[in-house]
Amino acid sequence: MRAERDRIVAQGKTLVFTNGCFDILHRGHVTYLTFARNQGDALVVGLNTDASVKANKDRPAYQL
């Protein structure tokens with residue numbers, strides 16, 4: 001990722017970073033990610049781990 005970042009910055013472009021809990025992708029997430037992408041030339045999205053999502057979101061457990 002560092003090499004990619006360096007390449008983008010060397011081209012004079014803006015790299016945008018965001019992260020979040022995208023465990024259940026919905027329209028609000030798409031709107032949020034579209035907004036983030038429009039803030040620069042390239043977007044990096046950090047994804048939270050399953051453990052952090054479980055700790056941070058109050059959701060009923062479901063079985064597959």
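Residues numbered from 1 in each chain as written. Predicted model: local features only at pLDDT ≥ 70, side-chain atom pairs only at ≥ 80, totals over all residues. Heavy atoms only, no water.

Each helix and strand in the protein chain was counted, giving three helices and two strands. Starting at the N terminus and walking to the C terminus, you meet the elements of the protein chain as α-β-α-β-α. For 64 residues, the compact-globule formula gives about 11 Å, and the C-alpha radius of gyration of the protein chain, at 15 Å, lies well above that figure. With respect to the principal axes defined by its C-alpha atoms, the protein chain has extents near 45 × 25 × 20 Å. Within the protein chain, the proportion of its 64 residues that are buried is 22%. Across the protein chain, contacts joining residues at least 24 apart in sequence account for 64% of those joining residues at least 6 apart. In the form shown here, the protein chain has an accessible surface area of approximately 5,300 Å², with 54% of it arising from carbon and sulfur atoms. In the protein chain, 9 side chains carry a positive charge and 6 a negative one; their mean positions are 3 Å apart. (Helix = DSSP H or I, 4+ residues; strand = E, 2+ residues; numbered from the N terminus. Rg over C-alpha atoms; globule rule 2.2 N^0.38 Å. Buried < 20%, exposed > 50% of the residue type's maximum accessible area, 1.4 Å probe, protein only. Contact = heavy atoms within 4.5 Å. Areas by Shrake-Rupley, 256 points an atom, 1.4 Å probe, with all protein chains shown as cover. Lys, Arg positive; Asp, Glu negative; His and termini not counted. Charge placed at Lys NZ, Arg CZ, Asp CG, Glu CD.)

The final tally for this structure, using the stated rule, is one aromatic pair. When the ring of Phe 22 is compared with that of Tyr 32, the centres are 6.3 Å apart and the planes differ by 35 degrees; the resulting orientation is tilted. With a gap of 10 residues between them, Phe 22 in the loop between strand 1 (15-20) and helix 2 (27-37) and Tyr 32 in helix 2 connect regions that are remote in the sequence. Residue classification places Tyr 32 among the partly exposed residues on the basis of a relative accessible area of 38%. (Phe/Tyr/Trp six-rings, centres within 6.5 Å; stacked < 30°, edge-to-face > 60°.)

Let's shift gears to the pattern of salt bridges. In the structure shown here, the tally under the stated rule is two salt bridges. When the shortest N-O distance is used, the salt bridge between Glu 4 and Arg 7 registers 2.5 Å. With Glu 4 and Arg 7 both in helix 1 (residues 2-10) and three residues apart, this pair spans about one turn of that helix. Glu 4 gets classed as partly exposed once you look at its relative accessible area, which sits at 33%. (Salt bridge = Lys/Arg side-chain N within 4 Å of Asp/Glu carboxyl O.)

Averaged over every residue, the pLDDT of the protein chain is 88; the share at 70 or more is 91%. The secondary structure element of the protein chain with the lowest average pLDDT is helix 3 (residues 50-56), at 81, and the one with the highest is helix 1, at 96. (pLDDT = per-residue confidence, 0-100.)

Next up on the list: the pairing of strand 2 (residues 42-47). Across the two faces of strand 2 the burial differs, with Ala 42, Val 44 and Gly 46 buried and Leu 43, Val 45 and Leu 47 not buried at all. Between the parallel pair strand 1 and strand 2, the chain is carried across by helix 2, and the sense of this crossover is right-handed. (Right-handed = clockwise from strand over helix to strand, strands pointing away.)

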